[in-house]
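Tertiary structure, described
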Amino acid sequence: MPLRLFQISLRFILPLALILGLFALALLPLADNLTQRWFLRDLKAQSQMMATALSEPAKVALLSKNNEAVRLRLDSAVSDEHVVAINLCDARGRLVSQSSRAISPLNCKSKSVEGLLLSESILEQDGMMLGKLILAQDTTFLDKRSAQVRHYLIGAFVLMFLVISLLNAWITHWSWLSWIKSLKSLLHRETGTTINLAPPEFRPLVGDLRAMLIEMNRERKVQQQSPQAWTAEKLRSLLHDELAGDEVLVVSNREPYIHEQSGDSIVLRRPASGLVTAVEPVMRACSGTWIAHGSGSADRATVDSHDHLQVPPKRPEYTLRRVWLTPEEEAGYYYGFSNEGLWPLCHMAHVRPVFRTSDWQKYVAVNQRFADVVIAEARTDDPVVLVQDYHFALLPRMIREKLPKATIIMFWHIPWPNPESFGICPWREELLQGLLGNTLLGFHTPFHCKNFLETVDRYLETRIEYEASTITHGGDLTQVEPYPISIAWPEPDAASDVVHAKKTFRHELHLPEVHCLALGVDRLDYTKGIVERFQALDRLLETHPELVGKVTLLQIAAPSRSSLDEYQNLEVRVRKLALDINQRYENTAAPAIILRIEHYDGEQLTHCYRSSDVCLVTSLHDGMNLVAKEFIAARDDELGVLILSQFTGAARELHEALIINPYHIEQGAQALYRAITMPELEQRERMRSMRQRVRDFNVYRWAGLMLLDAARLRRRQRVSEKIHSHSHQGLR
Ligand code: GDG
C-alpha cells in the first residue's frame, strides 16, 4: 500500500483508537459495578434457598434440643463452594449449633465480617420466633470474577479496534484502486466522449485533470530535453541538430527594423511590438530569412535589388526581405480586416469588430502576396516556415498548396475566442481552413488551444483528436499546442546601479528624490486597460489622501494604429482622464499622472523598469503580455511589485504578482495600496520566484519547444512519405 494510503488510513485509525479507548474507560467501571451486583444477587438467592431447605431440621433441633442431627445437615450445606459457615442461634441469641468449619469472628451477634456475606433467616413457629440461621458466604471470588470480566472487555475492544482498522484499510485500498482504475480509463478514453462516460464524481474534474497531465507531460519532456537553462546558444545547437541544414523562413506583418526618413538623414527604429521582441532572438539564433511588410518611409532606399537587407545592421545575422503594399492594401488588410475585424473579435474588450467585404478582399490578396514571396524565397521544397500572427490566417493553406512538403508553424499571438464569439465573423470557415494548412499551430495558453479546437469542431467537418490535440482536415494533419511566449533574459548590467537609477530618473521627471513611482508601458490600445489603471490610481488617492503628492504614475503609451477611429478616441479619453485627475490634485508636490504618448527606445524602457516601485499591467484581455516579464527581468535588485491583470496569459505563470480584475476599480486601488506599502522582504520573495520562472521559461524555450515539435512532425512526415513511395513502387 502506498505511503499516502497509509497516511489516509492513519487519519481514520487514530481517532478510532481514541474513541474506543474513551469508550472503554467509561464502560469498565460500569461493567464492574454491574457484575458485582449480579453476583451478590446470585449469592443472596442461593443463601435464601439454603435457609429454606434448612429451616425444618433447624426448627426440630431448636424444639427438641437435638443438636447433632442438625449439625450434620449444616455440614452438608457448607460443602457448597461459596457457603463457608452456618450458625444456628436460639431466640435469645445463643449459639445452638454450628457447622464444623467454624469461623472465629462469626457468632450470633455478627452483622458483618470482612470477606463474607452474612444472611440471616428467622425461624418461627405459630407466630413465635424460635431462633435464626446465619449463613456466611465467601465474597473474595467476586474481585477475581470482576477482574476477569474487565480483561474480557478490554480484549473485546482491542479485537473490535483491529477488525475495524483492517476493514477500513481494506476498504480504503480497494476504493483507491478502483478510483485510480476509473481515472486511468477516463484519461485514456476518447476525450470527445469522456464527459458523458466519466463516473459522476469525476465529471467536474475531467478538464482540469487532462490539462494538468498534459502540462506535467510537457514539463517532463522539457526537463528531459533540457537539464540546463535555455540560451540562444542552446537553441542554435538544437536547430543545428534537429533541423540540420533546413531552411528557415519567418513571415510577419511587422518588420524588426524600420528605416525612417528624418530630414536629410535616415534613422533606424525598432517597433514597439511583443511579436518582434519575441521572434528576433530566434532569427538571430537560426539565421534565416524574415519576410515582412516594409512600412518605413526609407525602407525602399535601404534594401538591395531583391528587396533584401542584412540585419541587425551593425552585426548582420539574418536576412530581412521587405514586401511592399499599396496604401489601399494596407488600409484594407492591416487596419481594416486585421485590426478592426480580427483584433476586437479575438479580444474581449467590448469593442465591436467591423467586417467589410472590401477589407476581406484585401486581406486575401495580401496573404496571397506574402505566400508568393515565401515560395519565391524558398530554396528547397520543404522549408520550415514560421508564420506570425492573425494578419496571416490564410497564408498557411496558400503555402501548403505550392509547397506540400513544407513544415509550416504558426504562432497566434493574441487570444482565441470561444466558438460563439468567433462565429460572428462572416468568413469564419475560410479563416479556419487557412489555419488548418499549418503543420503546427501555437497559442499562448491551453485555454486558447481548447477554444480553437472547439471552434473548428463547431464550423468545419474535421476529425479532431482532443487527446493528441490534432485536427485532420482534407488529408492534412495540424497539431495544436500551447507555447507560452517570453523574453530573452538580459545580460546582467554591472555598471547600472538601481539606487542611482532611481535617483536620476526622479530628477529627470522633476519628482522629489523620495517618491513612489508606478509605471505603465503599453502600446496605446484599448485592450491594455489604461483607462481602468488611471481610475484605480484616482480611487487610491481618494481613499488614501495621505498619498496625494507622494505617488505618481508614469504612463508610457506607444502610439499604435492611430489612423483608426477607435484608437483616436482612446487617445482622447486617456489624455482627458489624465488631465482631469491631475487637475483634481493640482496643488501638490508632484503630479498624479505623467502621460507620455510617444515611442521610447529599448534602453529607456529598461531604465524606467529599474527605476519604478510598481509596474501596472491591467489589460482587459491579453494573449501573454511581455511588459510584465520585461519588468521582472530588469529587476536584478529583486525589488518592485508587479500588479497583473487576471486576463493576461502571463497571470497563468506569474503567480507571485498581485493579480487583479482590472474592471474592478476598487480592487485595483487596493492592490496599488498594497504594492506601495509592501515590505521589502515580501517584495524580494515574490520577485525572486518570478525572476526564476522568467529566466527559465524564456523566449529560447518558447522557440525551442515549438521547433522541437516541428522537427518531430517533420521526421514523422518524411517517414510516412518514404513508406508511401515504397508501397507505390511495390505496386508498379
Ligand atoms: C502581442 C499580444 C503578446 C511598448 N512600448 C514601447 C515598446 N513596447 C514593447 C514592450 C513589449 C512590447 O512592446 C509589447 O508587448 P505586449 O506583449 O505587452 O503586447 P502586444 O504588442 O499587444 O503583443 C501580446 C505579444 O504579442 C507577444 O506574443 O504577449 O499578448 O497582444 O516588448 O517592451 N518598445 C519600445 N518602445 C516603446 O515605446 N521599443
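Residues numbered from 1 in each chain as written. Predicted model: local features only at pLDDT ≥ 70, side-chain atom pairs only at ≥ 80, totals over all residues. Heavy atoms only, no water.

Some details on the site of the ligand
Near the ligand there are 25 residues, and of these His413, Arg523, Tyr600, Asp622 and Glu630 occur at the shortest range. Tyr600 is positioned with one of its backbone polar atoms (N or O) 2.5 Å from a nitrogen atom of the ligand. At a separation of 2.9 Å, an oxygen atom of the ligand approaches a polar backbone atom of Asn625. Protein burial of the ligand: of its 720 Å² of free accessible surface, 95% is covered by the chains. When contributions to the shell around the ligand are tallied by element, the ones reaching two or more residues are α7 (274-286), β17 (516-523), α17 (602-611) and α18 (626-634). Composition of the shell around the ligand by domain shows at least three residues from each of domain 2 (232-325 + 367-482) and domain 3 (498-697). (Near = heavy atom within 4 Å. Polar contact = N/O pair within 3.5 Å; in protein donor to acceptor, adjacent residues only side chain to side chain. Areas by Shrake-Rupley, 256 points an atom, 1.4 Å probe, with all protein chains shown as cover. Helix = DSSP H or I, 4+ residues; strand = E, 2+ residues; numbered from the N terminus. Domains from an automatic or database assignment.)

Some words on the sheet that holds strand β4 (residues 128-138)
Spatial ordering of the open sheet is given by β2-β1-β4-β3, a layout of four strands whose pairing is antiparallel. Sheet topology places β2 (95-98) and β3 (116-125) at the edges, where each strand pairs with a single neighbour. Strand-to-strand twist across the sheet, computed as the mean angle between neighbouring axes with direction ignored, equals 20°. Two strands pair when backbone bridges link them, and β3 and β4 are joined in this way by 10 bridges, in the antiparallel orientation. (Pairing = 2+ DSSP bridges. Axes fitted to C-alpha atoms, helices over the stretch in contact; angles between N-to-C directions.)

Remarks on the packing of aromatic side chains
According to the stated counting rule, one finds 25 aromatic pairs in the structure shown. Considering the side-chain rings of Phe23 and Phe157, the 5.9 Å spacing of their centres and the 85° angle between planes classify their relative orientation as edge-to-face. Here Phe23 is found in helix α1 (residues 3-64), whereas its partner Phe157 is found in helix α3 (residues 140-188), with 134 residues between them in sequence. When its relative accessible area of 49% is taken as the criterion, Phe23 is described as partly exposed. The buried category is assigned to Phe157, whose relative accessible area is 10%. Here Phe337 and Phe355 contribute two aromatic rings whose centre-to-centre distance is 5.8 Å and whose plane-to-plane angle is 50°, an arrangement assigned as tilted. Residue Phe337 is located in helix α8 (residues 327-346), and its partner Phe355 is located in the loop between α8 and α9 (357-377); the two are separated by 18 residues in the primary sequence. When its relative accessible area of 21% is taken as the criterion, Phe355 is described as partly exposed. (Phe/Tyr/Trp six-rings, centres within 6.5 Å; stacked < 30°, edge-to-face > 60°. Buried < 20%, exposed > 50% of the residue type's maximum accessible area, 1.4 Å probe, protein only.)

Focus: helix α15 (residues 530-543)
In a regular helix each residue adds 1.5 Å, so 14 residues correspond to 20 Å; α15 covers 20 Å between its end C-alpha atoms and thus fits that length. Among the 14 residues that make up α15, 10 are buried, leaving the element largely enclosed by the rest of the structure. Residues of α15 that are buried: Ile530, Val531, Glu532, Arg533, Phe534, Ala536, Leu537, Asp538, Leu540 and Leu541. Among the structural elements, β17, β18 (551-558), α16 (565-584), β19 (593-596), β20 (614-617) and α19 (665-676) are those in contact with the buried residues of α15. (Expected span 1.5 Å × (residues − 1). Contact = heavy atoms within 4.5 Å.)

Notes on α17
Residues of α17 that are buried include every one of Leu605, Cys608, Tyr609, Arg610 and Ser611, and no others. Contact partners of the buried residues in α17: α14 (498-508), β17, β18 and α18. Where α17 starts, the residue carrying a side-chain oxygen 3.1 Å from the main-chain nitrogen of Glu603 turns out to be Asp601.

Here's the deal with the packing of α9 against helix α10 (residues 395-402)
Two elements in contact, α9 and α10, have axes separated by 9 Å at closest approach and are oriented at 40°. With respect to each other, α9 and α10 are oriented oblique. In this structure, α9 meets α10 at a crossing whose hand is right-handed. Between α9 and α10, the contacting residues are Val364, Asn367, Gln368, Phe370, Ala371, Val374 and Ile375 on the first element and Leu395, Met398, Ile399 and Lys402 on the second. The residue makeup of the contact of α9 with α10, split by class, is eight nonpolar, two polar and one charged. (Parallel < 35°, antiparallel > 145°, perpendicular 65-115°, else oblique. Left-handed = near helix turned anticlockwise from the far one by under 90°. Nonpolar A, V, L, I, M, F, W, Y, C, P; charged D, E, K, R; others polar.)

Focus: a nonpolar patch on the surface
Residues Leu167, Trp170, Ile171 and Trp174 make up a contiguous nonpolar surface patch of roughly 500 Å² in combined accessible area. Looking at where Leu167 falls in the secondary structure, it is placed in helix α3. (Patch = residues over 30% accessible without salt bridge, like charges linked within 9 Å, V, L, I, M, F, W, Y side chains within 5 Å. Salt bridge = Lys/Arg side-chain N within 4 Å of Asp/Glu carboxyl O.)

Some points on the domain arrangement of the protein chain
Examined at the domain level, the protein chain breaks down into domain 1 (23-143), domain 2 (232-325 + 367-482) and domain 3 (498-697). A C-alpha centroid distance of 112 Å is found between domain 1 and domain 2.

What about the pattern of salt bridges?
Within the structure shown, the criterion is met by 44 salt bridges. One salt bridge in this structure joins Asp580 and Lys576, with 3.0 Å as the shortest N-O distance. Remark: Lys576 and Asp580 occur in helix α16; sequence separation between them is four residues, near one turn of the helix. Of the charged contacts, one joins Arg684 and Glu680 as a salt bridge, the two residues approaching to 3.7 Å between their closest N and O atoms. With Arg684 and Glu680 both in helix α20 (residues 680-696) and four residues apart, the pair spans about one turn of that helix. Relative accessible area serves as the criterion here: at 27%, Arg684 is assigned to the partly exposed category. Residue classification places Glu680 among the partly exposed positions, given a relative accessible area of 47%.

Let's talk about the pairing of strand β21 (residues 641-645)
The element β21 is extensively covered by neighbouring structure, given that five of its five residues are classed as buried. Along β21, one buried face is formed by Val641, Ile643 and Ser645 and the opposite face, lined by Leu642 and Leu644, is buried too. Inspection of the sheet shows β20 paired to β21 by four bridges, in the parallel sense. The residue bridging Val614 from the neighbouring strand is Val641, located in β21. Regarding the hand of the β-α-β motif, the stretch spanning β20, α18 and β21 is right-handed. (Right-handed = clockwise from strand over helix to strand, strands pointing away.)

Re the sheet that holds strand β16 (residues 476-482)
With mixed pairing, 10 strands are arranged side by side in an open sheet as β9-β10-β8-β5-β11-β12-β13-β16-β15-β14. The open sheet has two edge strands with one neighbour each: β9 (308-311) and β14 (463-465). Ignoring which end each strand starts from, the neighbouring axes of this sheet average 20° apart. Relative to strand β10 (residues 318-323), strand β8 (residues 289-293) runs parallel, the two being bridged by five bridges. Paired with His293 across the strands is Val323, a residue of β10.

Some remarks on the nonpolar core
One finds Trp412, Leu431 and Phe452 to be the most contacted residues of the largest nonpolar core, which totals 93 residues. Here this core gathers at least three residues from each of two domains, domain 2 (232-325 + 367-482) and domain 3 (498-697). Tyr483, Leu517, Ala633 and Val694 belong to the second-largest nonpolar core, a separate cluster that totals 74 residues. (Core = buried A, V, L, I, M, F, W, Y, C linked by side-chain atoms within 4.5 Å.)

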